[in-house]
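Coordinate analysis (summary)
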Amino acid sequence: MSGESTSRQRTRAFVIAAALSVAALVLVALLLTRPSVTKIGAVPNDICVMAPPQAYDPASAQAMLAARAIPKDARCPVCGMYPARTPQWAAQLIFSNGDAHFFDSPLSLYLYLNAVTRYSPGRSASEIAATYVTDTETGQWTPAGQAFYVHGSTALGPMRNGNLPAFANERAAEQFAQQRGGTVRVAGDITPALLNALDTRPTHSHSMQ
């Protein structure tokens with residue numbers, strides 16, 4: 001074997017060794033800088049990650065404070081459920097700037113109204129311009145403050161409790177209560193104590209995302 005051939009082989013071996021060394025260093029660096037599971041693991045069960053409110057679309061030709069259709073991707077800021085999946089129970093809230101939150105039930109709406117800053121840090125109750133609930137009888141939106149609610153019926157909503165089915169008509173609410181049990185209440189009757197009794201969720205904090 002000539003000296004020139006031996007020199008080329010040595011050069012090639014050196015290049016291969018250098019490449020392997022660089023690859024090893026890169027691998028070590030990746031392993032050292034990779035975030036640990038303890039830092040970015042699954043979101044703890046006691047934290048509920050929520051979507052932000054839905055912005056008003058001026059191109060919709062709809063009055064800013066009018067009740068609007070529920071977007072499929074909208075999530076309830078109280079429980080994280082998708083209200084579009086159970087429209088017969090849904091409720092919504094619109095802020096003065098047109099932003100809207102959608103709720104899986106009247107219960108979730110009133111839980112939110114009683115703790116706005118908890119569920120929407122940076123917001124206040126004074127910014128709320130309109131609230132609506134779904135009329136159980138017709139499926140149409142009706143102002144939440146004018147609706148009649150049945151408390152204690154056998155009708156279980158999305159969170160598997162009473163959820164306060166709502167009605168635009170008092171007589172319809174009374175007929176529902178006669179058939180399914182419970183008593184008819186107005187918005188002013190929905191106190192924190194009543195809400196606490198209906199709220200079966202585990203205690204958890206909220207993180208807007």
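None of these values were measured; they are calculated from a predicted model.

About the criteria used
- Residue numbers run consecutively from 1 along every chain, following the written order of its sequence.
- In keeping with the predicted nature of the model, local features appear solely for residues at pLDDT of at least 70, side-chain atom pairs appear and are counted solely at 80 or more, and the whole-chain, interface and lining totals rest on all residues.
- Side-chain measures here rest on the full set of heavy atoms in the structure, leaving out hydrogens and waters.
- Aromatic rings from Phe, Tyr and Trp, taking only the six-membered ring of Trp, are treated as a pair when their centres fall within 6.5 Å; an angle between ring planes under 30 degrees marks them as stacked, one over 60 as edge-to-face, and anything in between as tilted.
- For every residue, the accessible area (1.4 Å probe, protein chains only) is compared with the maximum for its type, and the residue is labelled buried under 20%, exposed over 50%, or partly exposed between those bounds.
- A positively charged side chain is recorded as over a ring if its NZ (Lys) or CZ (Arg) lies within 6 Å of the ring centre. The angle to the ring normal must also be within 35 degrees.
- Labels follow the DSSP assignment, with helices taken as runs of H or I lasting at least four residues and strands as runs of E lasting at least two, numbered in each case from the N terminus.
- The contact criterion used throughout is that any non-hydrogen atoms of two residues lie within 4.5 Å.
- Residues enter a nonpolar core if they are buried and are Ala, Val, Leu, Ile, Met, Phe, Trp, Tyr or Cys, with the set joined through side-chain atoms within 4.5 Å.
- Whether two strands pair depends on DSSP finding at least two bridges between them.
- Axis geometry follows a simple rule: fit a line to the C-alpha atoms, using only the stretch in contact for helices, then measure angles between N-to-C directions, giving values from 0 to 180 degrees.
- For every residue, the predictor assigns a confidence score, pLDDT, that lies between 0 and 100.

On to the packing of aromatic side chains. By convention here, two paired aromatic rings are described through the distance between centres and the angle between planes. Across all of its chains, the model carries 4 aromatic pairs by this definition. Plain terms: the ring middles of tyrosine 112 and tyrosine 119 are 6.0 Å apart, the flat faces sit at 20° to each other, and that makes the pair stacked. Overall, tyrosine 112 belongs to the buried group, its relative accessible area being 0%. For tyrosine 119, a relative accessible area of 1% corresponds to the buried category. An angle of 50° between the planes, with centres 5.1 Å apart, marks the rings of phenylalanine 167 and phenylalanine 176 as tilted. With a relative accessible area of 2%, phenylalanine 167 lands in the buried category. Phenylalanine 176 gets classed as buried once you look at its relative accessible area, which sits at 13%. An aromatic cluster of at least three residues, connected via ring pairs, comprises Phe103, Tyr112 and Tyr119. Seen from the ring of phenylalanine 95, arginine 123 lies directly overhead, with NZ or CZ sitting 4.1 Å from the centre.

Take helix α3 (residues 106–113) next. Burial analysis of α3 places 7 of its 8 residues in the buried class, the great majority of the element. Along α3, the positions that sit buried rather than exposed are Pro106, Leu107, Ser108, Leu109, Tyr110, Leu111 and Tyr112.

This paragraph deals with the environment of methionine 81. Note on placement: methionine 81 falls in the loop between β1 (47–50) and β2 (91–95). The partly exposed category is assigned to methionine 81, whose relative accessible area is 29%. In the structure, methionine 81 is positioned 77 residues away from proline 158 in sequence and 8.4 Å away in space, judged by C-alpha atoms. Residues within four places of methionine 81 in sequence aside, it is in contact with Ala74, Arg75, Cys76, Asp104, Pro158 and Met159.

Another aspect to go through is the nonpolar core. Among the nonpolar cores identified, the biggest contains 26 residues, and Phe103, Leu109, Tyr110, Tyr112, Val133 and Tyr149 are the most heavily contacted of them. Contributing elements (two or more residues each) for this core: β2, α3, α4 (116–119) and α6 (192–198). The element that contributes the greatest number of residues to this core is α3, accounting for 5 residues. Ignoring any residue separated from it by four or fewer positions in sequence, one finds valine 133 in contact with Ala90, Ala91, Pro106, Leu109, Gln140, Trp141, Thr142, Ala144, Ala147, Tyr149 and Ala166.

Once that is clear, we can look at the sheet that holds β2. Spatially, β3-β2-β4-β5 is the arrangement adopted by the 4 strands of the open sheet, whose pairing is antiparallel. Edge positions in the sheet fall to β3 (100–103) and β5 (141–143), since each has one partner strand and no second. Averaged over all pairs of adjacent strands, the angle between strand axes in this sheet comes to 25°, irrespective of strand direction. In the sheet, β2 pairs with strand β4 (residues 128–134) via 5 bridges, with the strands oriented antiparallel. Residue pairing across strands places alanine 91 opposite valine 133, the latter belonging to β4. Its contacts with the sheet place α3 against β2, β3 and β4, and it is angled at close to 35° to β2.

Moving on, we get to the confidence of the model for the chain. Interpretation of this model should avoid reading the predicted coordinates in detail wherever pLDDT is low. In the predicted model, the chain carries a mean pLDDT of 82, and 71% of its residues have values of at least 70. Every residue in residues 34–47 scores below 50 in pLDDT, and together they form 8 contacts with partners more than four places removed in sequence or on other chains. Taken together, the stretch residues 204–209 has pLDDT below 50 and engages in 29 contacts with residues farther than four places along the chain or on a different chain.

On to the sheet that holds strand β8 (residues 183–186), then. What the 3 strands build is an open sheet, ordered β7-β6-β8; its pairing is antiparallel. For this open sheet the edge positions go to β7 (166–167) and β8, each flanked by a neighbour on one side alone. Strand contacts of helix α5 (residues 170–180): β6 (148–151), β7 and β8, with the helix running at about 10° to β6, the strand carrying the most contacts.

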